Amino acid sequence: MIPEIGQLALILALCMALVQAVFPIAGAHKGVASWVALAKPAALGQLLFMTIGYACLTYGFLEHDFSIRYVATNSNTSLPILYLISGVWGAHEGSLLFWTLTLSLWTGVVTLFSRSVPEVMVARVVGVMGVVSVGFLLFMLLTSNPFVRLMNPPLEGRDLNPLLQDPGLAIHPPLLYMGYVGFSVAFAFAIAAMLGGRLDAAWARWSRPWTNIAWVFLTLGIVIGSWWAYYELGWGGWWFWDPVENASFMPWIIGTALVHSLAVTEKRGAFKAWTVLLAIFAFSLSLLGTFLVRSGVLTSVHAFATDPSRGVFILLFLSVIIGGSLLLYSWRASQIRSSVHFTLFSRETGLLLTNVILMVTACSILLGTLYPLVLDALGVGKISVGPPYFNSVFIPLTAPLAVLAGVGALARWKRDSGLSLARKLALPMLLSVGGGFALTLWALPHFSWGAALGLVLALWVLLTMLLWLKEQGGAAGLAGVFKNISRAGWGMFFGHLGIAVFVVGVALTSIYSTEKDLRIEKGQSYHLGGYDFLFKGAERSAGPNYLMDRGEVVVSREGEHVATLFPEKRDYRSGMPMTEAGIDAGLTRDLFVALGEPLGKDGAWSLRIYHKPFVRWVWLGGLFMAFGGLLAALDKRYFRLARKARLETEANTAGGKA
């Protein structure tokens, strides 16, 4: 009975999405108030039915209802409850259900918390998001129904992908989806503004907090995904340029450009064309990521589906969304042009250069991701584009971003003096260059030009932001800093501080990490990175739904005990082995041990040992960026606008009754 209720809920959600997609937009165009008023109940109705459908599938997992094919394929009775819950989005059909639920959640929240936005504008926004919902609900019901029944249910299910049986992967996909789908809000606002012909700074102000929140979610999703890959896959890296990793990174890059472009459009009325295109591209790349993960064109630890017919549906839907958006853009092109002027030395110029570099970076990653797929599809041959290409392209393109982060923060809007700006930046430049090279020469194991460049850039960002704080404080000093800087200003500070921390982490862990793969017997020791790793053997034991070999490695330095690590090699019932690394984490270094395979009958094992300086700074930088984005999204002026709109509504209501 529960699967039938879930199926019916999805059909009713589709009906609500159709109403949401058609009537509000048509009503806004024709001026029919009753149709416009349908936007809110239709959006909330779709959210209700999607929640019911998702709850039904979750119930099927918790009750081990193996008559549902998806449940039988992705769970069993010995699976811990955490992974029964996270298993709902652990494979293609369930993750698509979660994707669509997330879209309906974003739509409902925008409907409820956009009181400062005119009703007609909200109707168009909700209508655009309804169009997207219709596409994904049709895709799910026609090709990827999670409630398909089995004629002869098994007594026991299979297993959830062992890669997903980890707390990190229980929270990584929801955050990633909230970011992916959240960009649909900026996309919907841009399309709604073009449909209404109102392309002033107002729509940028309305969509900016939603875009910041989506960007925060995507940032956190990428950070946690990188952290998971680091400790779970056993290879000690934090980014491999996997095509599906790139599929989440490209929307993040364009989203970063969009966040900056929205700021300029809201404050100065400039970059209108940039902002609209970036809103379209950010969501389009999110849809592209969905296509790559679910089309079967990729083989990846992150990919869900292997059915190309599903990919055709998504590709057609992607073509309709992108093609329709660009056609609408070309129709409204004459109204999108900005008439605002600014000089070469201004904050607008710095932000424009930042957007150009971010766009080129995203296009370079897109080329490296899709080029092998296109060649394969054309039958030309198979090639692999890996880290050497991406690193050689990404690093030269993004290093100038750190420079612009400092320049842009200190430059004035509209017009600044080149000489004045140079004087202002001279001291931070001298200190960052001198400090970066001094630290590389005297505080690091050996001199490296890459490390020196990384430290120079990090110090540059830090010092320019401190100088910005001093300017904002004015004559009042520290008291003025806290009084004069808005939450959005603090958001910029912490976001740029995150860049500095991230650059330090990437530069130092990439250059100074050491590793060793070795054959080691019980009682043997190995010296690496100033530490001694003593292998005390491995024992066989059982976990909740797996068997494992659990090693013990005692780490010491100059005879003093540092840590005892317990790397594991797990064998799940699906037959897929998994590595659980033993890690001693620290702010300035990680000690990482991964257990390999047994070698012979004398108790010898293969062991992989890493010493990774400052690797935690990579994720710490991402967390600082996310915190900055959150502060910007919670800026007080958005609450003032909402309060003003609520008071006006109450006044109009009271006046009508009078």
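Keep in mind that what you see is a predicted model, and the values were worked out from it rather than measured.

### A closer look at helix α20 (residues 616-633)
Given a rise of 1.5 Å per residue, 18 residues ought to cover 26 Å, and the 26 Å separating the end C-alpha atoms of α20 matches this to within 8%. Within the sequence span of α20, burial applies to Val618, Trp619, Gly621, Gly622, Met625, Ala626, Gly628, Gly629, Leu631, Ala632 and Ala633.

### Looking at the nonpolar core
Counting 140 residues, the largest nonpolar core has Leu57, Phe189, Met194, Trp203 and Val276 as the members making the most contacts within it. Element by element, the count of residues in this core is highest for helix α8 (residues 167-196), at 17 residues. Sequence-distant contacts of tryptophan 203, that is, excluding residues within four places in its chain, are made with Met121, Ala186, Phe189, Ala190, Ala193, Arg198, Leu262, Thr275 and Val276.

### Considering the state of the cysteines
Following the criterion strictly, the structure yields 0 disulfides and no others. For the unlinked cysteine cysteine 15, the closest cysteine sulfur is that of cysteine 56, found at 16 Å. The partly exposed category is assigned to cysteine 15, whose relative accessible area is 37%.

### Remarks on the packing of helix α6 (residues 92-112) against helix α7 (residues 119-143)
Taken N-terminus to C-terminus, the directions of α6 and α7 make an angle of 165°; their axes are 10 Å apart at the nearest point. As far as their axial angle goes, α7 and α6 are roughly antiparallel. As α6 packs across α7, the resulting crossing turns out to be left-handed. Between α6, through His92, Leu96, Leu97, Trp99, Thr100, Leu103, Trp106, Thr107, Val110 and Thr111, and α7, the contact on the second element is made entirely by Val125, Val126, Met129, Val132, Ser133, Phe136, Leu137, Phe139 and Met140. Along the lines of polarity and charge, the residues of the contact of α6 with α7 split into 14 nonpolar, 5 polar and no charged.

### With respect to the pairing of strand β2 (residues 525-528)
Bridge count for β2 against strand β3 (residues 531-542) is 4 bridges, and the pairing is antiparallel. Counterpart to histidine 527 in the pairing with β3 is aspartate 532. Hairpin connection of β2 to β3: 2 residues between the antiparallel strands, including glycine 529 at a positive phi of 60°.

### Thoughts on the pairing of strand β6 (residues 568-572)
Buried residues dominate β6, accounting for 4 of its 5 residues. The pairing of strand β4 (residues 546-557) with β6 spans 5 bridges and is antiparallel. For methionine 548, the partnering residue across the bridge sits in β6 and is arginine 570. Bridge analysis of β6 against strand β7 (residues 577-580) gives 4 bridges, and the strand direction is antiparallel. Its bridge partner lying in β7, arginine 570 is registered against methionine 578. Here β6 folds back onto β7 in antiparallel fashion, the turn holding 4 residues, of which glycine 575 has a positive phi close to 90°.

### Observations concerning the packing of helix α15 (residues 387-410) against helix α17 (residues 449-473)
Contact geometry for α15 and α17: axes closest at 9 Å, N-to-C directions at 10°. The orientation of α15 with respect to α17, classified from their angle, is roughly parallel. Taking contact as the criterion, the partners of Ala399, Ala402, Val403, Gly406, Val407, Ala409 and Leu410 in α15 are, on α17, Leu457, Trp460, Val461, Thr464, Met465, Leu467, Trp468 and Glu471.

### What to know about α17
Spanning 25 residues, α17 covers 36 Å between terminal C-alpha atoms, matching the ideal 36 Å at 1.5 Å per step. Among the residues of α17, the N-terminal cap falls to serine 448, whose side-chain oxygen and the backbone nitrogen of glycine 450 are separated by 3.3 Å. Downstream of α17 by one or two residues, glycine 474 has phi in the positive range, about 65°.

### Remarks on the environment of aspartate 590
Here aspartate 590 is to be found in strand β9 (residues 589-599). When near neighbours in sequence (up to four residues on either side) are disregarded, aspartate 590 contacts Tyr230, Ile583, Asp584, Ala585, Tyr610, His611, Lys612, Val615 and Arg616.

### Observations concerning the pattern of salt bridges
Applying the stated rule across the entire model yields 14 salt bridges. The partner of glutamate 348 in a salt bridge is arginine 268, and the shortest N-O contact between them spans 2.5 Å. Of the two residues, glutamate 348 is situated in helix α14 (residues 347-377) and arginine 268 in helix α10 (residues 243-268); the sequence distance between them amounts to 80 residues. When its relative accessible area of 0% is taken as the criterion, glutamate 348 is described as buried. A salt bridge links aspartate 571 to arginine 540; the nearest nitrogen and oxygen atoms lie 3.5 Å apart. Of the two residues, aspartate 571 sits in strand β6 while arginine 540 sits in strand β3, which places them 31 residues apart along the sequence. Aspartate 571 gets classed as partly exposed once you look at its relative accessible area, which sits at 32%. The structure contains a network of salt bridges with shared partners spanning Arg550, Glu568, Arg570 and Glu580.

### Details of the environment of tryptophan 252
Tracing the chain through its elements places tryptophan 252 in helix α10. C-alpha of tryptophan 252 to C-alpha of threonine 219: the two residues are 33 residues apart in sequence and 7.2 Å apart in space. The contacts of tryptophan 252, once residues within four sequence positions are left out, are Trp215, Leu218, Thr219, Ile222 and Met625.

### Some points on the domain arrangement of the protein
The domains assigned to the protein are domain 1 (1-165), domain 2 (441-512 + 616-652) and domain 3 (514-614). Just the C-alpha atoms count here: the centres of domain 2 and domain 3 sit 37 Å apart. Residue-level contacts link 9 residues of domain 2 with 10 residues of domain 3. Buried surface at the junction of domain 2 and domain 3, both sides included, amounts to about 790 Å², of which 57% is carbon and sulfur. When the area that domain 2 buries against domain 3 is broken down by residue, the three leading residues are Tyr512, Arg616 and Trp617, summing to 65%. At the boundary of domain 2 and domain 3, one finds 1 salt bridge. Its salt-bridge partner being aspartate 590, residue arginine 616 comes within 2.8 Å of it at the nearest N-O pair.

### Some details on the packing of aromatic side chains
Evaluation of the coordinates by the stated rule reveals 36 aromatic pairs. Summarising the aromatic geometry, the rings of phenylalanine 493 and phenylalanine 494 are spaced 5.3 Å apart at their centres and angled 85° between planes, so their arrangement reads as edge-to-face. Here the aromatic cluster, defined as three or more aromatic residues joined through ring pairs, consists of Trp215, Trp239, Trp241, Phe249, Trp252, Tyr389, Phe390 and Phe394. Sitting over the face of the ring of tryptophan 331, arginine 332 holds its NZ or CZ atom 4.2 Å from the ring centroid. Stacked on the ring of tyrosine 531, the Lys or Arg arginine 557 has its end atom at 4.7 Å from the ring centre.

So, how was this worked out
Along each chain, residues carry numbers from 1 onward, in the same order as the chain's sequence is written. Local features in a predicted model are, by the rule used here, given only for residues with pLDDT of at least 70; side-chain atom pairs are given and counted only at 80 or more, and totals for whole chains, interfaces and linings are based on all residues. With hydrogens and water set aside, each side-chain value is computed from the structure's full complement of heavy atoms. Runs of H or I in DSSP of at least four residues are treated as helices and runs of E of at least two as strands, each being numbered from the N terminus. To estimate the expected span of a helix, subtract one from its residue number and multiply by 1.5 Å. Exposed residues in this analysis have more than 50% of their type's maximum accessible area, buried residues have under 20%, and partly exposed residues fall in between, with area computed by a 1.4 Å probe over protein chains only. Buried residues of nine kinds, namely Ala, Val, Leu, Ile, Met, Phe, Trp, Tyr and Cys, make up a nonpolar core once their side-chain atoms join them within 4.5 Å. Every residue pair with non-hydrogen atoms within 4.5 Å of one another is taken to be in contact. Count a disulfide wherever a pair of cysteine sulfur atoms falls within 2.5 Å. The convention used is that axes are lines fitted to C-alpha atoms, helices contributing only their stretch in contact, and that angles between N-to-C directions extend from 0 to 180 degrees. Throughout, the term roughly parallel applies to angles under 35 degrees, roughly antiparallel to angles over 145, roughly perpendicular to angles from 65 to 115, and oblique to all others. Crossing handedness is read from the near helix: turned anticlockwise from the far helix by less than a right angle, it gives a left-handed crossing, and turned clockwise, a right-handed one. Each residue receives one of three labels: charged for Asp, Glu, Lys and Arg, nonpolar for Ala, Val, Leu, Ile, Met, Phe, Trp, Tyr, Cys and Pro, and polar for the others, Gly being one of them. The rule for pairing is simple: two strands pair if DSSP sees at least two bridges between them. Definition of a polar contact: a pair of N or O atoms within 3.5 Å, with one able to donate and the other able to accept a hydrogen when the atoms are protein atoms, and with sequence-neighbouring residues admitted only if both atoms are side-chain atoms. For this document, the term salt bridge refers to a Lys or Arg side-chain nitrogen within 4 Å of an Asp or Glu carboxyl oxygen. For the purposes of this description, domain bounds are those given by an automatic or database domain assignment. Put simply, buried area is the surface a 1.4 Å probe can reach on two separate parts but cannot reach once they are joined, added for both. Aromatic rings from Phe, Tyr and Trp, with only the six-membered ring used for Trp, were paired whenever their centres fell within 6.5 Å, and each pair was classed as stacked if the ring planes differed by under 30 degrees, edge-to-face if by over 60, and tilted otherwise. By definition, being over a ring means that NZ of Lys or CZ of Arg is both within 6 Å of the ring centre and within 35 degrees of the ring normal.

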